Amino acid sequence: PPRNTSILVVPGEEVEEGQELSISCRSEVAGQSVMVLSRVNQGEDVELHSSENTVSVFFLEAKLEHSGLYQCESSNQYGSEKVNTFITVKAVILTNLVTGVERYSSDGLFLLVNVSANDSGLYRVNVTNELGYQTLNFTINVL
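Residues numbered from 1 in each chain as written. Predicted model: local features only at pLDDT ≥ 70, side-chain atom pairs only at ≥ 80, totals over all residues. Heavy atoms only, no water.

## Section: the confidence of the model for the chain
Part 1 of the reasoning: Per-chain confidence: the chain averages 88 in pLDDT, with 99% of residues scoring 70 or above.
Part 2 of the reasoning: Looking across the chain, the model is least confident in strand β5 (residues 44-51), with a mean pLDDT of 78, and most confident in strand β1 (residues 3-10), with 94. (pLDDT = per-residue confidence, 0-100. Helix = DSSP H or I, 4+ residues; strand = E, 2+ residues; numbered from the N terminus.)

Okay, structure coming up:
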């Protein structure tokens with residue numbers, strides 16, 4: 001049966017939104033095998049990619065919706081082995097609730113330049129990390 005099945009996540013299980021993200025599934029197995037890389041979404045496996053020996057997916061820009069539980073299963077006629085890993089995409093999003101315009105920050109800092117009275121209004125900041133997420137609404141007044 002397959003053994004030493006693993007998931008390699010580059011740059012790591014915690015990635016900032018907008019970074020490249022690569023997820024690869026590997027296993028030591030003799031002969032023909034099937035490798036399946038899936039994402040567990042609301043209790044159901046969503047197959048991302050399937051191949052015979054190795055399987056990988058690549059995202060040019062990681063997004064919040066890429067956060068979640070991923071699993072790799074290697075199987076052949078002698079058995080199977082399954083491993084899991086959890087990936088967290090971290091982000092801070094500032095949203096103008098009037099216009100819907102979103103700004104993203106990997107470190108939580110936003111530099112607002114050349115603002116005018118049109119930029120006044122209700123805003124929401126959403127912070128997401130490995131512990132969960134939190135939102136806060138606030139008002140900006142530009143005089």
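## Focus: the nonpolar core
It is characteristic of soluble globular proteins that their nonpolar side chains tend to be buried jointly.
Part 1 of the reasoning: Formed by 15 residues in total, the largest nonpolar core has its most connected members in Leu21, Ile23, Leu37 and Ile87.
Part 2 of the reasoning: When residues of this core are traced back to their parent elements, those giving at least two are β1, β3 (21-28), β4 (34-41), β6 (55-59), β7 (68-76) and β8 (79-96).
Part 3 of the reasoning: Looking at this core element by element, the count peaks at three residues for β3.
Part 4 of the reasoning: Filtering out sequence-adjacent residues up to four positions away, Ile87 remains in contact with Val9, Glu13, Val15, Leu21, Ile23, His66, Ser67, Gly68 and Tyr70. (Core = buried A, V, L, I, M, F, W, Y, C linked by side-chain atoms within 4.5 Å. Buried < 20%, exposed > 50% of the residue type's maximum accessible area, 1.4 Å probe, protein only. Contact = heavy atoms within 4.5 Å.)

## Side note on the state of the cysteines
Part 1 of the reasoning: All told, the structure shown has one disulfide when counted by the stated rule.
Part 2 of the reasoning: Covalently, Cys25 is tied to Cys72 through a disulfide, its sulfur atoms 1.3 Å apart. Separated by 47 residues along the polypeptide, Cys25 in strand β3 and Cys72 in strand β7 bring together distant segments of the chain. (Disulfide = S-S within 2.5 Å.)

## Details of the packing of aromatic side chains
Part 1 of the reasoning: All chains considered together, the criterion is met by one aromatic pair.
Part 2 of the reasoning: Look at Tyr123 and Phe138: their rings are 6.1 Å apart centre to centre, the planes differ by 20 degrees, and that puts the pair in the stacked class. Note that Tyr123 is positioned in strand β10 (residues 121-129) and Phe138 in strand β11 (residues 132-140), a separation of 15 residues in sequence.
Part 3 of the reasoning: Classification of Tyr123 as buried rests on a relative accessible area of 3%.
Part 4 of the reasoning: Take Phe138: its relative accessible area is 28%, and that puts it in the partly exposed class. (Phe/Tyr/Trp six-rings, centres within 6.5 Å; stacked < 30°, edge-to-face > 60°.)

## Some remarks on the pairing of β5
Part 1 of the reasoning: When β4 meets β5, the two strands line up antiparallel, connected through seven bridges. Within β5, the residue paired with Asn41 across the bridge is Glu44.
Part 2 of the reasoning: Hairpin remark: β4 followed by β5, antiparallel, with two residues in the connecting loop; positive phi at Gln42, about 55 degrees. (Pairing = 2+ DSSP bridges.)

## Description of the pattern of salt bridges
Part 1 of the reasoning: This model, assessed by the stated rule, comprises three salt bridges.
Part 2 of the reasoning: Of the charged contacts, one joins Glu28 and Arg3 as a salt bridge, the two residues approaching to 3.7 Å between their closest N and O atoms. Here Glu28 is found in strand β3, whereas its partner Arg3 is found in strand β1, with 25 residues between them in sequence.
Part 3 of the reasoning: For Glu28, a relative accessible area of 39% puts it in the partly exposed group.
Part 4 of the reasoning: Between Lys90 and Glu14 there is a salt bridge; the shortest N-O distance is 3.6 Å. Highlighted residues: Lys90 in strand β8 and Glu14 in strand β2 (residues 14-16), separated in sequence by 76 residues.
Part 5 of the reasoning: In this structure Lys90 comes out as partly exposed when scored by relative accessible area, which is 27%. (Salt bridge = Lys/Arg side-chain N within 4 Å of Asp/Glu carboxyl O.)

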